[in-house]
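Given next are the chains, with one letter for each unit.
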Amino acid sequence: MSKKIKIIICSLFFTILLLLAGNHQGHTQSMGVSFSFFFPRNGSFSVPISPFSIRGVGIDLNRYVAIETGFSLYRFSGLSVTNVPFETRDPIMGPTITFLVPLELVLQVGNASQQFRIKGGLFFFYNFSNQFLYGNLDRALRDIEDWEVLNSDFDYDNNIGWGYQLGAEYIVYVSKQFGITMGATYFIGGTNLNMRGVYQGGVNGSAFETVQAAYPDSKIDLTGWEISFGALFGN
């Protein structure tokens, strides 16, 4: 995705957030605090950095439809990389601190005591303090080269990522101002990585080789399940 398209998407997203923040209080949705667990595909189980996870902020368009947003700050121990000429089920990037913001259209049915919601939409994320898991990366490169020894040194681009999400949520209201939530959401997204660098190695007893490598189509894969438990406060 080009930088212009990214800027347009981000501008639209934050414009919607401002509109939500400026709406009349009588139409405001409840605000929620969640405890989430993320299971990334070919990655490492991850949890949010408490208390930096606030979800379910938005407005009711009518009784059955709402728009919600929020944010979570995750510490991903490991994330996989796609569009590279090697296969591995081990994570390649991590640990990283990831700021994740969803924008969801919500279809909701229920009554004063309970509610069921189906959610879908977009999400955006940005990774801080990325680094390679060189043990897993070197092992994957060593397998495709059929070498006994290999050491690598790679660089990357850090970009805003985005994707799609779909999930469901069940809410039990303990009182008019307090509810308990349980939900599951599947995320499909990524961000351009543009891996490039060098690796060297070979077979013991032979001269070592040096290889310049570039994977311009490589992406950090943020695909997986988020399981959440939390509480809603307010309307």
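The structure we're discussing is the one just above.
Note that this is a predicted model, so its numbers are computed, not measured. (Residues numbered from 1 in each chain as written. Predicted model: local features only at pLDDT ≥ 70, side-chain atom pairs only at ≥ 80, totals over all residues. Heavy atoms only, no water.)

A. Focus on the packing of aromatic side chains. Enumeration over the complete set of coordinates arrives at 16 aromatic pairs. Pairing Phe132 with Tyr156 gives two aromatic rings, centres 5.7 Å apart and planes at 80°, and the pair type is edge-to-face. One end of the pair, Phe132, is in the loop between strand E6 (114-128) and helix H2 (134-145); the other, Tyr156, is in the loop between strand E7 (149-155) and strand E8 (161-175), with 24 residues separating them in the sequence. Accessibility expressed as a relative area gives 8% for Phe132, which makes it buried. In this structure Tyr156 comes out as partly exposed when scored by relative accessible area, which is 22%. (Phe/Tyr/Trp six-rings, centres within 6.5 Å; stacked < 30°, edge-to-face > 60°. Helix = DSSP H or I, 4+ residues; strand = E, 2+ residues; numbered from the N terminus. Buried < 20%, exposed > 50% of the residue type's maximum accessible area, 1.4 Å probe, protein only.)

B. The arrangement of the pattern of salt bridges in detail. The full count for this structure, using the stated rule, is eight salt bridges. Among the ionic pairs, Arg41 bridges to Asp221, the shortest N-O distance being 2.8 Å. Here Arg41, found in the loop between strand E1 (31-40) and strand E2 (47-60), pairs with Asp221, found in strand E12 (residues 219-233); they are 180 residues apart in sequence, far enough to count as distant. For Asp221, a relative accessible area of 5% translates into the label buried. Here Glu104 makes a salt bridge to Lys119, at a shortest N to O gap of 3.9 Å. Placement of Glu104 in strand E5 (residues 96-110) and of Lys119 in strand E6 is noted, with a sequence separation of 15 residues between them. Each of the two residues, Glu104 as well as Lys119, counts as buried. Through salt bridges with shared partners, a single ionic network connects Glu68, Glu104, Arg117, Lys119 and Glu169. (Salt bridge = Lys/Arg side-chain N within 4 Å of Asp/Glu carboxyl O.)

C. The arrangement of the pairing of E12 in detail. Judged from the three bridges that link them, strand E4 (residues 80-82) and E12 form a sheet pairing that is antiparallel. Bridging from a neighbouring strand, Val81 pairs with Ile220 of E12. Sheet topology places strand E9 (residues 178-192) next to E12; 15 bridges connect them, and they run antiparallel. From the neighbouring strand, Ile180 faces E12, where its bridge partner is Ala231. (Pairing = 2+ DSSP bridges.)

D. Region of the structure containing the pairing of E5. Note that strand E3 (residues 65-76) and E5 share 10 bridges and pair antiparallel. Residue pairing in the sheet places Ala66 in a bridge with Val106 of E5. As defined by bridge partners, E5 adjoins E6 across 14 bridges and the pair is classed as antiparallel. Each bridged residue has a counterpart across the sheet, and for Val109 the counterpart in E6 is Phe116. A loop of three residues connects E5 with E6, the two strands running antiparallel in sequence.

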